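Geometric and topological summary
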Amino acid sequence: MSFLSATPPRPLRRAGATTGRCGVLLVNLGTPDSTRYWDVRRYLSEFLSDRRVIEINPLLWQPLLQGVILTTRPFRSGAAYRRIWNTARDESPLRSFTRAQAEKLQGEFLSDGPLIDWAMRYGRPSVAERLQALQDQGCDRILVVPLYPQYSATTTATVNDQVFRALMRMRRQPTIRIVPPFPDHPLYIKGLAHSVRRAVATLPRAPQCLVASFHGLPRRYVKAGDPYPAECNRTMRALRAELGLTAREFLMTFQSRFGREPWLEPYTDERIASLPARGITRVAVITPGFLSDCIETLDEIGTELREEFLHAGGEELTVIPCLNDTPDAIRLLHALVRENMFQPAP
């Protein structure tokens, strides 16, 4: 028998080869368990103690945080959460939407497809708890999906940190893969454009200006190497092209600044409040840095910013919802999972 015609030997099965299921863990920012003072304080303490979020020496920051800030801020934050709270389920909208995304995404796969779960970086359910739950259900490969369209060390990186902290406490670790950010993924951009067109079509008069408000970031974080503003610009370039709008017709701003140091500009509140003096009294605001509506979109934009705009002489401020658990959001998440899964998903 010649070498070329010989039947090749069957490959040996590698010891320890994976035989379990794939899991998918959607991870969002987080939320307090209730609007009560101590629940809000506990959540803010965990969030604002993350050294990815607050890059100040803990010896200087923690006395200030645990003293003045966490004594007063839970009252203000609790009031804001009460304005947007999902009273039907007694939880924040962010928790409701993240759960719904996981449930609807699970329905996109066959019964032997990946198991879909969800967690919060801060608060409950925790990343460690849900990773363990997926492993207990037989998942030896887990795809983690940080639900942040644009990368920042303050968001995506801190999810990754928490995932690997959990792995450090596991004797038998699952194989982990992290889905990269998706600032200009075609399905994300098409979903955003669809939400803009749908919202504008319901208005009696078209807005004179469209504003995209992203979450802000201290300038020194960017100087240290955080690529977040470049990621936001990728989203804006793609979305403007999809909608056929110019930079003058579709403004880009940054919200939620905290403290006295300079943050990314222009600031959303200042830019919006300046528009009526220029004759722009009808504005629509979209928040492409958030996949799901939360306190920053529903209250900071939908309540506080609207009041500032009307006080400055504006007539109408329309807040365009995030993708939330719409079909556009589920198509995007399904594509992200399929593109990054360990093996072809059913």
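Residues numbered from 1 in each chain as written. Predicted model: local features only at pLDDT ≥ 70, side-chain atom pairs only at ≥ 80, totals over all residues. Heavy atoms only, no water.

For the protein, the count of helices and strands is 11 helices and eight strands. Relative to the 2.2 N^0.38 estimate, which gives 20 Å for 346 residues, the radius of gyration of the protein is 22 Å and therefore close to what a compact globule would have. At a minimum sequence separation of 6, the contacts of the protein that also span at least 24 residues come to 76%. Accessible surface, the protein: about 17,100 Å² in total, of which carbon and sulfur atoms supply 54%. (Helix = DSSP H or I, 4+ residues; strand = E, 2+ residues; numbered from the N terminus. Rg over C-alpha atoms; globule rule 2.2 N^0.38 Å. Contact = heavy atoms within 4.5 Å. Areas by Shrake-Rupley, 256 points an atom, 1.4 Å probe, with all protein chains shown as cover.)

For the rest of this paragraph, the subject is the pairing of strand β6 (residues 250-255). Judged by how many residues are buried, β6 sits mostly within the fold: six of six residues are covered. Side chains of β6 alternate between two faces, with F250, M252 and F254 and L251, T253 and Q255 buried alike. As defined by bridge partners, strand β5 (residues 209-215) adjoins β6 across six bridges and the pair is classed as parallel. Within the sheet, the bridge partner assigned to F214 lies in β6 and is F254. (Buried < 20%, exposed > 50% of the residue type's maximum accessible area, 1.4 Å probe, protein only. Pairing = 2+ DSSP bridges.)

Here the focus is the sheet that holds strand β1 (residues 21-30). In a beta sheet, neighbouring strands are held together by backbone hydrogen bonds and run either parallel or antiparallel to one another. Across the sheet, which stays open at both edges, the four strands sit in the order β2-β1-β3-β4 with parallel pairing between neighbours. The open sheet is flanked by β2 (115-122) and β4 (175-178), the only strands paired with a single partner. Each strand of the sheet is rotated relative to its neighbour by a mean of 25 degrees, with strand direction disregarded. By the bridge criterion, seven bridges tie β1 to β2 in an arrangement that is parallel. Note on β2: the bridge partner recorded for N28 is M120. Sheet strands in contact with helix α1 (residues 37-48) are β1 and β2, and its direction is about 90 degrees off that of β2. Along the sheet, helix α3 (residues 93-106) contacts β1 and β2; its crossing angle with β2, the most-contacted strand, is approximately 160 degrees. (Axes fitted to C-alpha atoms, helices over the stretch in contact; angles between N-to-C directions.)

Here we come to the domain arrangement of the protein. Split by domain assignment, the protein resolves into domain 1 (21-181 + 327-340) and domain 2 (186-319). Measuring from the centre of the C-alpha atoms in domain 1 to the corresponding centre in domain 2 gives 24 Å. Residue-level contacts link 31 residues of domain 1 with 27 residues of domain 2. Buried area between domain 1 and domain 2, both sides added, is near 2,300 Å², and the carbon and sulfur share of it is 63%. For the domain 1 face of the interface with domain 2, the top three residues by lost area are Q150, D328 and L332, together amounting to 25%. Our count for the contact surface shared by domain 1 and domain 2 stands at two salt bridges. (Domains from an automatic or database assignment. Buried area = accessible area lost by both parts, 1.4 Å probe. Salt bridge = Lys/Arg side-chain N within 4 Å of Asp/Glu carboxyl O.)

In this section: the packing of aromatic side chains. According to the stated counting rule, one finds eight aromatic pairs in the structure shown. A ring pair is formed by Y37 and W38, whose centres lie 5.0 Å apart and whose planes are at 85 degrees; its orientation type is edge-to-face. Looking at W38, the relative accessible area reads 58%, which means it is exposed. Within the aromatic cluster, the residues linked to one another by ring pairs are Y37, W38 and F75. Across from the ring centre of F342, 4.6 Å away, lies the NZ or CZ of R177, which sits over that ring. When the ring centre of Y267 is taken as origin, the NZ or CZ atom of R257, which lies over that ring, is 3.9 Å away. (Phe/Tyr/Trp six-rings, centres within 6.5 Å; stacked < 30°, edge-to-face > 60°. Lys NZ or Arg CZ within 6 Å of the ring centre and 35° of its normal.)

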